[in-house]
Amino acid sequence: MPEIRLPISILYETSGRTPISEVIFALQSADSISSDAVSLLPSLIDGLRIEESSLNVHSLTEGSLKEALFLALLFTYQGDLQEEVPPMLEGLFNVTVSDKYDTIATVVFLTVLFYGTGIAIDMARKALTDSLPREKLNELIDVLALETGKSSSDVRRIVEARFEKPAAVKRLVRSARQFFRPSQRDGNAPIVVGREVLSKELEGQVPYPGDGDDDQDFDRYAPHQQVTLELHAQDKDKNATGWAAVAEAITDKRLKARIMEPVQPSDIWQKERVVADIVVVSKLTSDGYVPSEIQITAIYPDA
């Protein structure tokens, strides 16, 4: 049963010495994120079965905090490569479509990090908004799709399925926010993961650990375009209350609807059906995510 070691280098370009407490937070975050990344690999690489994994410290360098880590994987591969020598198996993890990343392990690590970061931002803003971390997540998903031969939507579904349960998503958000702590304490100093440089602008959009921790709802925001809505309740004078709708082809449940600018109540008043761009807000429950609200963000003219 082969074992390979995949390097993961994390450099916080901080200007001073990093307190031991921040080093511990950073290492715990990297360990948790890498564990989730490893759990995704068998779903992304067909035939791969990981028997055991561990994230180990090769070295820590003071000044700027540099964590030289390696991810040890003990695995089997069910397929044409199972009789080949370990170097051939290591080739499964090489990235060929981008020179920014050495191995798929690094790409999946960053994918998990930015998926959690995106949720943290949505929680803080209580809405789905464009952000640099979300742009980076979309880029990473596209890289994984090209490397694995899966579609981007399939890769996204694999990632989302990993974090459906309350404990998983709460752990992820906590780890993602803690990952940025050493940098944020030093004015959002750049972070380099492998050869990927995370900018000060990107880090500045990440909520600082502790900000609003007592008022977190862990909602998930999923955008959909040109959806047929069946309107079940209306109130011409209000945007946020008095409206309910069923989003056909998404859910057959009647959900509370909220009208978001630039849409106005008068745009859909007394209409039974409309075609709209929407965001479905799902609440985290003990059974996973459950749709709870429809945010109407754009209306298409009647055909």
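Our subject is the structure that appears above.
Novice: Let's hear about helix α4 (residues 132-148): which residues, and what values?
Specialist: Residues three or four positions apart in an α-helix share a direction because the helix packs 3.6 residues into each turn. With 17 residues, α4 ought to run about 24 Å at 1.5 Å a step, and its terminal C-alpha atoms sit 24 Å apart, in line with that. Those residues of α4 that are buried lie in contact with α1 (20-44), α3 (104-125), α5 (152-162), β5 (196-198) and α8 (200-204). At the exit of α4 stands G149, carrying a positive phi of roughly 80°.

Novice: Give me the lowdown on the pairing of strand β10 (residues 288-299), citing residues and values where you can.
Specialist: Bridge analysis of strand β8 (residues 255-259) against β10 gives 4 bridges, and the strand direction is parallel. Each residue of the ladder has a partner; that of R258, found in β10, is Q295. Examined bridge by bridge, strand β9 (residues 273-285) and β10 share 10 bridges and lie antiparallel to one another. Note that in β10 the partner of V281 across the bridge is E293.

Novice: Outline the side chain of D122, supporting the account with residue identities and numerical values.
Specialist: Here D122 lies in helix α3. On the basis of relative accessibility, which here comes to 4%, the residue D122 falls in the buried class. Among the polar contacts made by the side chain of D122, one reaches the side chain of R134 at a distance of 2.8 Å. Once you skip the residues sitting within four places of it in the chain, D122 turns out to touch A127, L128, T129, R134 and Y221.

Calculation notes
Residues numbered from 1 in each chain as written. Predicted model: local features only at pLDDT ≥ 70, side-chain atom pairs only at ≥ 80, totals over all residues. Heavy atoms only, no water. Helix = DSSP H or I, 4+ residues; strand = E, 2+ residues; numbered from the N terminus. Expected span 1.5 Å × (residues − 1). Contact = heavy atoms within 4.5 Å. Pairing = 2+ DSSP bridges. Buried < 20%, exposed > 50% of the residue type's maximum accessible area, 1.4 Å probe, protein only. Polar contact = N/O pair within 3.5 Å; in protein donor to acceptor, adjacent residues only side chain to side chain.

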